[in-house]
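# Coordinate inspection notes
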Amino acid sequence: MPYTTNMMSRANRLILLLLVLVLLPLSGQATNPEDSLLLGLTSVTTQRLNPFTSVEREMMSLTALIYEGLVQIDDDYNPRPCLAERWESSSDGRTWYFTLREGLTFHDGSPLTASDVVASAHEIKRLVDDETVASKGPYASLRYFIDDIQSNDNLTVVIRTSRPNYGFLYAMTFPVVPQAQVGADNPPGTGPYIADAFVPKDYMLLSKNPLWWNGSVTVGQIMTIFHATNRDLISSYEYNRVDAILTRSLTAAQYRSGMNSFNLTYRTRQLETLMMNNRSVELNDILVRKAIRHAINLNAITSTTYMNMAARTDTLMPVGTWMYNDNAGRHEYNPDLAREMLDAAGWIDGDDEDTIREKMIDGKKRNLVLRFFVYEEQENSVRLSTAHQIAGMLADVGIHANVKAMSFTQAREALKSGSFDLCLAAFQMDVAPDPGFLLMRGNTGNYSRYQSTEMDELFKSLRSATKREDYQMLLYQIQSRFFEDCPFISLYYRSGAVLTRKMFTNARDMREPEVLRGIAESRRGAGE
């Protein structure tokens, strides 16, 4: 029986890993079982720990414990000092000076210098420019923020930017490694944990960094077992082979917090949208786009299809943060209002049995029929189910949407060429709070073909606002303009879950990629 054989081999492997845990001479050896954590997550492609080339988001939760940046983001989503103890900018906001903390060292004992920061930034930008590299890494947006970076001395980094704004500080969270090891498979970091052992697709062993500059570490050792599928991962948790797991699988929704197990929700940066082609004859009318918004019952989708593992957002910003504008508008499910809007736009009920709406355009009768494309995630049919659920809601108000499932590559080409009407599309939002790539005229992610001079001017102002209050005000105005113009529909941010039998974190805001950051308990506040 293959399944039984697989279970036996996994059990044997776990025994070997536990022996490794006991026998390895670790720098932060845990002597108490309560001082260790046996973690499970999925990983099938990661072959190296180099943070500049990370491709698996769950794996980044581990590397975030190893590597640190100049700046860190706190529970209130504000930038705070990390490797840099302070910073200041020129009066025009185009030049920034970062002063590193004195006495910081990498895990191999070498001192952290400004040259390491400069080399790390150059490596990130090199990967973006290298046409032979398929994956540009999770920090590719750094190219938009750094025009030039140099070291004045061992502790001073000078950066010139073409985006003199408050969002610049968020981009300074990129990880720093030694200058001589920017291309190494497993370079040392400065973070609270040291990678003692790593076997791709098998396991990773982290031990606490006893010389971590920012305080004590709650859990002494983290042994991570890698799984090929979410099914295997959930099974490991059910059979007590691991203490905790990180997963986006909707199966995690069935586990409720209790006396002996906790289900902790974390935020991802994956924004799900219903992209609408504003150049389609049927969708160039704002009344039709708003009618579609009113026809969709988002609460039903998030609670049933997503089993509440998604956080609604009526704009492009995450709810519950200082960036979100609560007064921009509310996505109201109102099919009667949707019908009224379609009537006002000239799309009236036809005579056929399926009651598809019709309209005379350029002397020809057209039916309100839309091409609805959707691409699927591996091992997850939730997006296709969502598309059919939305299509049913649209049919209820007289809009016929032909759902067509396709590959990610096919959907991307359709979005780029504009050969679609509707498309369920997900975007990995950047750490810097700036959604301009989705809304500015001609920008890379503006697949809706939305054009607004007012919106373009708002982003121009946003990218020159250096004070948080000014930046926030402009973000609020952008969200209000977005909701009013309805170029496409912002649906929700995907959520993930940490299932654990050990409460190992005190973080108020659990989010990617620092899902595990609360495991390191600082003795002093950031910036002190």
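In this report, we go over the structure that sits alongside the text. Just so you know, the residues in each chain are numbered from 1, in the order the chain's sequence is written. Residues qualify for local features only when their pLDDT is at least 70, as the model is predicted, and side-chain atom pairs are given and counted only at 80 or more; totals for whole chains, interfaces and linings, by contrast, use all residues. To get the side-chain values, all heavy atoms of the structure are used, and hydrogens and water are removed first.

### Points about the overall build of the protein chain
- In this text, helices come from DSSP runs of H or I with a minimum length of four residues, and strands from runs of E with a minimum of two, each type numbered from the N-terminal end. Per the secondary structure count, the protein chain includes 13 helices and 20 strands.
- Our radius of gyration is a C-alpha quantity, and the globule rule it is checked against amounts to 2.2 Å times the number of residues to the power 0.38. Rg of the C-alpha trace for the protein chain: 25 Å, near the compact-globule value of 24 Å for 528 residues, within the 12% margin.
- Seen through its C-alpha atoms, the protein chain measures out along the principal axes to roughly 80 × 70 × 45 Å.
- Residue contacts are defined here by distance: any two heavy atoms, one from each residue, within 4.5 Å place the two residues in contact. Long-range contacts, defined as pairs at least 24 residues apart, comprise 71% of the intrachain contacts of the protein chain with a sequence gap of at least 6.
- About 22,600 Å² of surface is accessible on the protein chain, with carbon and sulfur atoms providing 49% of the total.
- Neither His nor the chain termini are counted; the positive set is Lys and Arg, and the negative set is Asp and Glu. Note on charges: their place is set at NZ of Lys, CZ of Arg, CG of Asp or CD of Glu. In the protein chain, the 54 positive side-chain charges and the 63 negative ones have mean positions that sit 1 Å from each other. Every accessible area reported is derived by Shrake-Rupley at a probe size of 1.4 Å, with residue values counting cover from the shown protein chains alone.

### What to know about the packing of aromatic side chains
- Two rings belonging to Phe, Tyr or Trp (six-membered ring only in the last case) form a pair when the distance between their centres is within 6.5 Å. Interplanar angles under 30 degrees mark stacking, angles over 60 mark edge-to-face geometry, and anything in between is tilted. What the rule picks out here adds up to 16 aromatic pairs.
- For Arg293, the ring lying beneath its charged end belongs to Phe483, and the centroid distance is 3.8 Å.
- In this structure, Arg501 packs its charged tip against the face of Tyr237, placed 3.9 Å from the ring centre. Either the NZ atom of lysine or the CZ atom of arginine qualifies as a charge over a ring when it sits within 6 Å of the ring centre and within 35 degrees of the ring normal.

### Thoughts on the pattern of salt bridges
- Just to be clear on terms, a salt bridge is a Lys or Arg side-chain nitrogen sitting within 4 Å of an Asp or Glu carboxyl oxygen. The final tally for this structure, using the stated rule, is 29 salt bridges.
- One salt bridge connects Asp75 with Arg517, and the closest N-O pair in it is separated by 2.4 Å. Of this pair, Asp75 sits in the loop between strand S2 (71-73) and strand S3 (79-81) while Arg517 sits in the segment after strand S20 (489-500), and the two are 442 residues apart along the sequence.
- The partner of Asp421 in a salt bridge is Arg371, and the shortest N-O contact between them spans 3.1 Å. Within this pair, whereas Asp421 is found in the loop between helix H10 (408-417) and strand S19 (422-428), its partner Arg371 is found in strand S17 (residues 369-375), the two being separated by 50 residues in sequence.
- To sort residues, take the accessible area from a 1.4 Å probe on protein chains only and compare it with the maximum for the residue type: under 20% means buried, over 50% means exposed, and anything in between is partly exposed. Exposure remark for Arg371: the relative accessible area of 38% places this residue in the partly exposed category.
- In the salt-bridge network here, residues are joined through shared partners; they are Arg267, Asp509, Arg511 and Glu514.

### Quick notes on the side chain of Thr305
- With respect to the helices, strands and loops of the structure, Thr305 is situated in helix H7 (residues 298-305).
- Counting of polar contacts relies on pairs of N or O atoms within 3.5 Å, with two restrictions inside protein: one atom must be capable of donating a hydrogen and the other of accepting it, and residues adjacent in sequence are counted only when both atoms are side-chain atoms. A distance of 2.3 Å separates the side chain of Thr305 from the side chain of Gln389, its partner in a polar contact.

### Quick notes on helix H8 (residues 335-344)
- Restricting attention to buried positions, one finds in H8 the residues Pro335, Ala338, Met341 and Leu342. The buried side chains of H8 occupy one side of the element, clustering within an arc of 115° when seen end-on. Along H8, the residues that are exposed and aim more than 90 degrees away from the buried face are Glu340 and Ala344.
- The elements touched by buried residues of H8 are helix H6 (286-295) and strand S15 (357-361).
- Taken from the residues just after H8, Gly346 is the one with a positive phi, measuring 90°. Working note: the arc is built from the helix axis to C-beta atom directions.

### Describing the packing of H6 against helix H13 (residues 468-485)
- In this analysis, axes come from line fits to C-alpha atoms, helices being fitted only over the stretch in contact, and the angle between any two N-to-C directions falls in the range 0 to 180 degrees. Closest axis-to-axis distance for the H6/H13 pair is 9 Å, and the angle between their directions is 100°. When the axis of H6 is compared with that of H13, the two are roughly perpendicular. Contact residues: H6 offers Ile286, Arg289, Lys290 and Arg293, while H13 offers Phe483, Glu484 and Asp485.
- Its residues assigned to classes, the contact of H6 with H13 comprises two nonpolar, no polar and five charged. Any angle between 65 and 115 degrees counts as roughly perpendicular, while under 35 counts as roughly parallel, over 145 as roughly antiparallel, and the rest as oblique. Residue type decides the class: Asp, Glu, Lys and Arg count as charged, Ala, Val, Leu, Ile, Met, Phe, Trp, Tyr, Cys and Pro as nonpolar, and the leftover types, Gly among them, as polar.

### A look at H10
- Along H10, the residues classified as buried are Ala411, Ala414 and Leu415. For H10, the angular spread of the buried residues around the axis is 100°, confining them to a single face.
- Residues of H10 that are buried sit in contact with strand S12 (262-276), S17, strand S18 (400-406) and S19.
- Backbone geometry just after H10 places Gly418 at a positive phi near 80°.

### Structural notes on the sheet that holds S15
- Only when DSSP finds a minimum of two bridges between them are two strands counted as paired. A sheet is described by the order of its strands in space; here three strands give the open sequence S14-S15-S16, paired in antiparallel fashion. Among the strands making up the open sheet, the edge pair consists of strand S14 (348-349) and strand S16 (364-367).
- Across two bridges, S14 lies against S15 in antiparallel orientation. Note on S15: the bridge partner recorded for Asp349 is Arg357.

### Observations regarding the nonpolar core
- Residues grouped as a nonpolar core are buried Ala, Val, Leu, Ile, Met, Phe, Trp, Tyr and Cys residues, joined through side-chain atoms within 4.5 Å. Residues Leu62, Phe98, Met172, Phe174 and Leu439 are the most contacted members of the largest nonpolar core, which totals 106 residues.
- The element that contributes the greatest number of residues to this core is helix H3 (residues 114-129), accounting for seven residues.
- In this view, Leu62 contacts Leu39, Leu41, Met204, Leu206, Thr224, Phe226 and Leu516; residues no more than four positions away in its chain are not counted.
- Ranked by size, the runner-up nonpolar core spans 55 residues in total, among them Tyr237, Ile245, Val288 and Met341.

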